[in-house]
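# Working through the structure, step by step
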Amino acid sequence: ARLNDFNSSISVDHRMYAQDIKGSCAHAMMLAHEGIISLEDSLSIITGLTQIQKDIESGALAIDETAEIEIKLRNHLIEGLEKISHSILNGDREKRLPGNVNFCFEGIEGESLLLLLDAKGIAASSGSACTSGSLDPSHVLLAIGRPHEIAHGSLRLTICRDNTMEEIDYMIKEIANVVEYLR
């Protein structure tokens, strides 16, 4: 079973490439049969195409494995941050990128939150990725109805398969401490 629509589209794409590769192998054999290329060249082409197909399939599996790890970490982070009073998850709980977490914290200035988290070794952003560096709240959060003062206290975190559950627990603990301090 595929983890989400994003991964399903990758799976479909790698199956389409597999069909193209099979067709190309057949074409190489036909060219050899007609004497346009040598049998040795045809076999070299087929060997190369077969390796490409294996690499594509291996890459699709790696994407699924990575997404599975990231989703587990992401969900743990979401569950932990939801326990902070007056916290709001931005976006759907499940239909999101595997390593993406975005929260708003009422009564918090995003810039202060980022500075204190950075001092604790937590890399984060406030606002959207396309406006990083801007102190304005995310236009997306405003568009989905977040009031300006709440959107201004947003926190965007990106995690990857290399993060550990211990790091996620540390993030939850320190974000909660910083939010409490700022309030």
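Predicted model only: the values in this text are computed from it and were never measured. (Residues numbered from 1 in each chain as written. Predicted model: local features only at pLDDT ≥ 70, side-chain atom pairs only at ≥ 80, totals over all residues. Heavy atoms only, no water.)

Tallying secondary structure elements over the protein gives six helices and three strands in all. Scanning the protein from its N terminus toward the C terminus, one meets helices and strands in the order α-α-β-β-α-α-α-β-α. Residues classed as buried in the protein amount to 37% of the 183 residues present. Of the contacts made within the protein by residues no fewer than 6 positions apart, 65% connect residues no fewer than 24 positions apart. Carbon together with sulfur atoms contributes 56% to the accessible area of the protein, which is approximately 10,800 Å² in total. (Helix = DSSP H or I, 4+ residues; strand = E, 2+ residues; numbered from the N terminus. Buried < 20%, exposed > 50% of the residue type's maximum accessible area, 1.4 Å probe, protein only. Contact = heavy atoms within 4.5 Å. Areas by Shrake-Rupley, 256 points an atom, 1.4 Å probe, with all protein chains shown as cover.)

In this section: the packing of aromatic side chains. This model, assessed by the stated rule, comprises one aromatic pair. Consider the rings of F103 and F105, whose centres lie 6.0 Å apart with planes at 15 degrees: the pair is stacked. Comparing F103 with F105, the two get one shared label, buried. (Phe/Tyr/Trp six-rings, centres within 6.5 Å; stacked < 30°, edge-to-face > 60°.)

This part takes up a negative patch on the surface. Taken together, the side chains of D162, E166, E167 and D169 make up a negatively charged region of the molecular surface. For D169, the position within the fold is in helix α6 (residues 165-182). Classification of D169 by relative accessible area gives partly exposed; the value is 38%. (Patch = residues over 30% accessible without salt bridge, like charges linked within 9 Å, V, L, I, M, F, W, Y side chains within 5 Å. Salt bridge = Lys/Arg side-chain N within 4 Å of Asp/Glu carboxyl O. Lys, Arg positive; Asp, Glu negative; His and termini not counted. Charge placed at Lys NZ, Arg CZ, Asp CG, Glu CD.)

Between side chains of opposite charge, a pair can form when the charged atoms approach closely. This structure, assessed with the given rule, holds four salt bridges. For E82, the salt bridge goes to R93, with nearest N and O atoms at 2.3 Å. With E82 in helix α2 (residues 39-82) and R93 in the loop between β1 (87-89) and β2 (100-105), this residue pair connects regions lying 11 residues apart in the sequence. Look at R93 and you get partly exposed, because its relative accessible area is 30%.

One finds L77, L81, F105, L113, L157, M171 and I175 to be the most contacted residues of the largest nonpolar core, which totals 22 residues. Looking at this core, the elements with two or more residues in it are α2, β2, α3 (110-119), β3 (154-158) and α6. Per-element tally for this core: the top contributor is α6, with six residues. Not counting chain neighbours up to four residues away, the residues in contact with L77 comprise V101, L157, I159, I168, M171 and I172. (Core = buried A, V, L, I, M, F, W, Y, C linked by side-chain atoms within 4.5 Å.)

Take the pairing of β2 next. For β2, the tally of buried residues reaches six of six residues, placing the bulk of the element in the interior. Judged by which residues are buried, β2 turns out to be covered on both faces: N100, N102 and C104 on one side and V101, F103 and F105 on the other are all buried.

Here we come to the sheet that holds β2. Spatially, β1-β2-β3 is the arrangement adopted by the three strands of the open sheet, whose pairing is antiparallel. Whereas interior strands pair on both sides, the edge strands pair on one side only; in this sheet they are β1 and β3. With direction set aside, neighbouring strand axes in the sheet form an average angle of 25 degrees. Two strands pair when backbone bridges link them, and β2 and β3 are joined in this way by five bridges, in the antiparallel orientation. Note on β3: the bridge partner recorded for N100 is T158. (Pairing = 2+ DSSP bridges. Axes fitted to C-alpha atoms, helices over the stretch in contact; angles between N-to-C directions.)

Let us now look at unusual backbone geometry. The residue H86 is not glycine, and still its phi comes out positive at about 60 degrees. Along the polypeptide, H86 turns up in the loop between α2 and β1.

Further remarks concern the confidence of the model for the protein. Scored by pLDDT, the protein has a mean of 84; 85% of the residues are at 70 or more. Taken element by element, the predicted model of the protein shows its lowest mean pLDDT in helix α1 (residues 5-33) (66) and its highest in α6 (97). Low pLDDT, under 50, characterises residues 1-12; the stretch is placed with 15 contacts to residues that sit more than four places away or in other chains. (pLDDT = per-residue confidence, 0-100.)

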